[in-house]
Amino acid sequence: MPRHDLRPRANDSPRDIRLIGVASALGAPDPGCAQAPDALAAAGLERSLRRRGCEVQWQEILRPAPLADDMTALADVCQRLAARVAQQLGQGRTPVVIGGDHSCAAGTWRGAARALAARGPLGLIWIDAHLDSHTPETSPSGRAHGMPLAALLGYGDARLTGIAGPWLSPGHVCVVGARSYEPEEAELLVRLGVRVFFAQEVKRRGLAAVLREAQAIAAEHTAGYGLTLDIDVVDPSDAPGVSTPAHDGLSDDELLAGLAGLNGDPRLVALEVVEFNPRLDSAFRTGRLIEDVLAGLLGPGQEQLIALEERWGAHNYAPLPVVLTRGEGAWLWDVAGRRYLDMMSAYSAVSLGHAHPRLVQAVTSQARRLAVTSRAYYNDRLPLLLKRLCAITGLDRALPVNTGLEAVETALKAARKWAYQVKGVAEDKAEIIACEGNFHGRSITIVGMSSEAQYKDGFGPFPPGFKRVPYGDTRALEQAITPNTAAFLVEPIQGEGGIILPPAGYLARCAEVCRAHKVLLICDEVQTGLGRTGRWLACQHEDVRPDGVILGKALGGGMMPVSAFVARDEVMQVFRPGDHGSTFGGNALGAALALETLAVIEEEGLVERSAVLGRELLERLRALRSPLIREVRGRGLFIGIELEPTRADAYTVARRLLERGLLTKDTHGTVIRLAPPLVIEREDLLWAVERIRLVLDKLAARAELAA
Ligand code: PMP
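Here we summarise the structure given alongside this text. (Residues numbered from 1 in each chain as written. Predicted model: local features only at pLDDT ≥ 70, side-chain atom pairs only at ≥ 80, totals over all residues. Heavy atoms only, no water.)

**Some points on the overall build of the protein chain**
Part 1 of the reasoning: The helix and strand tally for the protein chain stands at 25 helices and 23 strands.
Part 2 of the reasoning: In terms of overall dimensions, the protein chain has a C-alpha envelope of 100 × 65 × 45 Å along the principal axes.
Part 3 of the reasoning: The buried share of the protein chain, reckoned over its 707 residues, is 56%.
Part 4 of the reasoning: Partitioning the intrachain contacts of the protein chain with sequence separation of at least 6 by distance along the chain shows that 73% fall at a separation of at least 24.
Part 5 of the reasoning: Put simply, the protein chain shows about 28,900 Å² of open surface, and 51% of that area lies on carbon and sulfur atoms.
Part 6 of the reasoning: Positive and negative side-chain charges in the protein chain, numbering 79 and 85 respectively, have mean positions lying 5 Å apart. (Helix = DSSP H or I, 4+ residues; strand = E, 2+ residues; numbered from the N terminus. Buried < 20%, exposed > 50% of the residue type's maximum accessible area, 1.4 Å probe, protein only. Contact = heavy atoms within 4.5 Å. Areas by Shrake-Rupley, 256 points an atom, 1.4 Å probe, with all protein chains shown as cover. Lys, Arg positive; Asp, Glu negative; His and termini not counted. Charge placed at Lys NZ, Arg CZ, Asp CG, Glu CD.)

**Here we look at the nonpolar core**
Part 1 of the reasoning: In this structure, Phe488 and Leu621 are the most contacted members of the largest nonpolar core, which totals 93 residues.
Part 2 of the reasoning: Setting aside its immediate chain neighbours within four residues, Phe488 contacts Ile433, Ala434, Cys435, Val469, Leu477, Tyr506, Cys510, Cys514, Val519, Leu520, Leu521 and Ile522.
Part 3 of the reasoning: Among the nonpolar cores identified, the runner-up in size contains 48 residues, and Leu45, Ile127, Val234 and Val273 belong to it. (Core = buried A, V, L, I, M, F, W, Y, C linked by side-chain atoms within 4.5 Å.)

**What about the pattern of salt bridges?**
Part 1 of the reasoning: Here the structure, examined in full by the defined rule, presents 44 salt bridges.
Part 2 of the reasoning: Taking the shortest distance from any N to any O, the salt bridge between Asp252 and Arg285 comes out at 3.5 Å. Placement of the pair is Asp252 in helix H10 (residues 252–260) and Arg285 in helix H11 (residues 285–298), with a sequence separation of 33 residues.
Part 3 of the reasoning: Its relative accessible area of 17% is what places Asp252 among the buried residues.
Part 4 of the reasoning: Classification of Arg285 by relative accessible area gives partly exposed; the value is 34%.
Part 5 of the reasoning: Close ionic contact of Arg358 with Glu603 constitutes a salt bridge, the shortest N to O distance being 2.8 Å. Linking Arg358 in helix H14 (residues 357–369) with Glu603 in helix H22 (residues 588–603), this pair joins segments that are 245 residues apart in sequence.
Part 6 of the reasoning: Here Arg358 falls in the partly exposed class, since its relative accessible area comes to 28%.
Part 7 of the reasoning: Three or more residues joined by partner-sharing salt bridges are found here, namely Arg195, Glu201, Arg205 and Glu213. (Salt bridge = Lys/Arg side-chain N within 4 Å of Asp/Glu carboxyl O.)

**So, the site of the ligand**
Part 1 of the reasoning: Every residue lining the ligand is accounted for by Thr403, Gly404, Leu405, Phe439, His440, Gly441, Glu491, Glu496, Asp524, Val526, Gln527 and Lys553.
Part 2 of the reasoning: For the ligand, whose unbound accessible area comes to 390 Å², protein coverage reaches 84%.
Part 3 of the reasoning: Class assignment of the residues belonging to the shell around the ligand gives a composition of three nonpolar, five polar and four charged. (Near = heavy atom within 4 Å. Nonpolar A, V, L, I, M, F, W, Y, C, P; charged D, E, K, R; others polar.)

**What to know about the pairing of strand S3 (residues 94–98)**
Part 1 of the reasoning: The buried count for S3 comes to five of five residues, which makes it a mostly enclosed element.
Part 2 of the reasoning: Of the two faces of S3, the one lined by Thr94, Val96 and Ile98 and the one lined by Pro95 and Val97 are each fully buried.
Part 3 of the reasoning: When strand S1 (residues 16–22) meets S3, the two strands line up parallel, connected through five bridges. From the neighbouring strand, Leu19 faces S3, where its bridge partner is Val96.
Part 4 of the reasoning: Pairing of S3 with strand S8 (residues 268–274) involves three bridges; the strand directions are parallel. For Val96, the partnering residue across the bridge sits in S8 and is Leu271. (Pairing = 2+ DSSP bridges.)

In structure tokens form, the structure reads like this:
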């Protein structure tokens with residue numbers, strides 16, 4: 001994998017994009033693609049591109065005039081098209097031509113070449129399954145959709161070669177992806193010196209690499225270049241709506257990832273997308289692909305998106321400089337088409353990986369049925385989830401909320417009310433004990449419990465009734481307990497704290513202490529729960545059944561917030577109607593998703609998988625023996641690499657790992673956190689270890705040199 005280049009692109013002023021439709025299939029055997037511009041307009045192409053950050057307007061849709069014959073009518077459309085394209089370019093806009101069959105290219109690029117002639121020749125990247133370089137003499141069908149490239153180079157029917165504007169110069173033209181053509185076409189192009197990247201070469205080198213070379217051919221010593229995309233370069237399985245399909249094409253993802261490398265290139269002056277036949281694409285998949293292509297090429301790129309967020313967002317996060325746009329399993333892609341292994345899974349929220357097909361299905365089908373009704377009514381999904389949550393935790397009742405902190409608040413409220421109603425603590429005297437180094441969320445009450453100065457700074461005053469004891473110290477816990485103590489709130493492993501494991505037997509001993517003093521033991525398993533540490537719940541490693549368990553993150557399948565507080569009867573029965581609630585908590589959509597999430601964890605054996613893969617990952621990381629590593633610790637796929645603070649800082653390591661395609665997160669300056677999706681492939685984990693080794697070795701070598 002090449003080293004990732006995060007330098008800003010040259011041009012960040014937004015393009016003024018004009019869509020020009022060509023409702024012509026005069027060159028093709030099937031008239032269907034004449035409908036493409038109207039179909040895309042009706043589907044809201046302009047609106048959706050605007051939503052994706054493009055400044056765009058439909059200029060017009062050109063329609064063929066009823067003339068003597070197809071070639072004459074086509075030449076007429078092409079003349080008009082060339083004039084429109086030249087006009088838009090002359091006004092500094094980016095024309096985007098939506099065919100029609102590919103014969104319209106004979107107009108688009110003559111117009112573009114004409115507009116730029118004073119500045120130099122026009123370069124052109126021609127992405128296509130075919131070569132489109134027939135002349136009437138060589139064409140088996142006599143159809144003009146096989147002729148536009150030859151015509152642009154000055155060969156073929158005089159009506160096409162005679163369109164106003166310079167012919168293209170072959171040295172600045174290249175074809176990418178050809179896999180279905182006649183030898184005469186290839187001969188002509190090769191003779192003229194057009195570089196053809198045949199499909200085999202694209203497969204072998206990857207589209208992105210080929211397009212980088214194509215970009216150099218088209219952009220160097222030219223006034224700029226155009227890109228014409230025959231959507232049939234994509235395999236029919238991914239682009240069913242094309243007029244002349246050819247098998248063995250690129251996948252839609254390959255196309256998008258490859259094109260992403262051209263985003264933001266100011267030398268790209270115009271674009272053309274052709275051969276979409278909406279009649280063959282009832283699900284409009286190809287239509288959406290075209291939308292993705294346009295947004296990917298012309299919409300805001302990584303640097304612009306980061307700048308937008310910096311300008312319009314609050315600065316309460318400092319993200320690593322990568323803009324993600326797509327995920328599948330353990331892999332994520334950025335807007336420039338680079339691929340990353342997700343070793344973070346959104347702090348365990350994406351334990352099942354990105355876009356798990358069963359979860360996508362569960363969410364979409366439930367969204368179509370019923371999503372939110374509030375708890376003013378029952379819905380037919382929540383009851384099943386509540387029962388399942390109790391089965392998993394061995395507890396009696398569950399209370400569903402949205403985010404983790406709401407579930408923590410719910411637990412705190414339950415504990416206090418329990419203290420007054422059941423334990424008999426005097427009014428407003430209840431105390432809750434938490435741990436040094438805890439993380440339970442960001443509400444004012446919860447940060448009030450925190451020992452991290454920054455989390456509290458400027459947010460006081462905080463509610464009273466909370467104490468802290470050192471994590472891992474049961475004696476301190478016992479000493480802190482008073483007759484007013486309602487609950488001890490603890491993470492079985494401190495995640496945000498830096499993957500801190502308490503001493504063996506800690507939780508079991510805490511449970512004994514709590515029981516002896518009639519104090520509730522509440523485990524915050526928002527991050528450690530649902531398989532993350534190799535058991536359903538991390539407290540099960542010590543056979544502890546707490547009085548209450550807080551679940552979140554992974555419960556929502558990485559798709560939406562679903563959290564819950566689950567507790568013993570005695571605790572949960574303190575709530576009466578009206579005591580506590582939330583509009584979205586327990587909604588049918590979230591409940592259906594959580595149910596499917598739990599089913600997938602069980603049926604795919606993800607808990608066991610986390611244990612097995614986690615053990616191997618831990619061993620392999622320990623075996624790195626890097627001088628930069630002080631300790632590797634963790635349980636299941638929940639691992640922290642503690643760096644030697646004098647030799648490396650975690651942010652730098654996370655940045656270097658990002659550049660090598662690995663997404664991790666630094667915590668507390670010295671810890672690299674690893675929490676990959678539990679569905680991650682073993683080979684991918686091994687690849688991650690290699691990346692980590694590489695980065696640490698390089699940094700160690702540099703430190704040595706500096707020393
Ligand atoms: N508890 C723990 C242990 C957590 O790790 C987190 C989030 N990192 C929370 C609670 C809060 O969850 P949320 O961000 O969904 O409010």
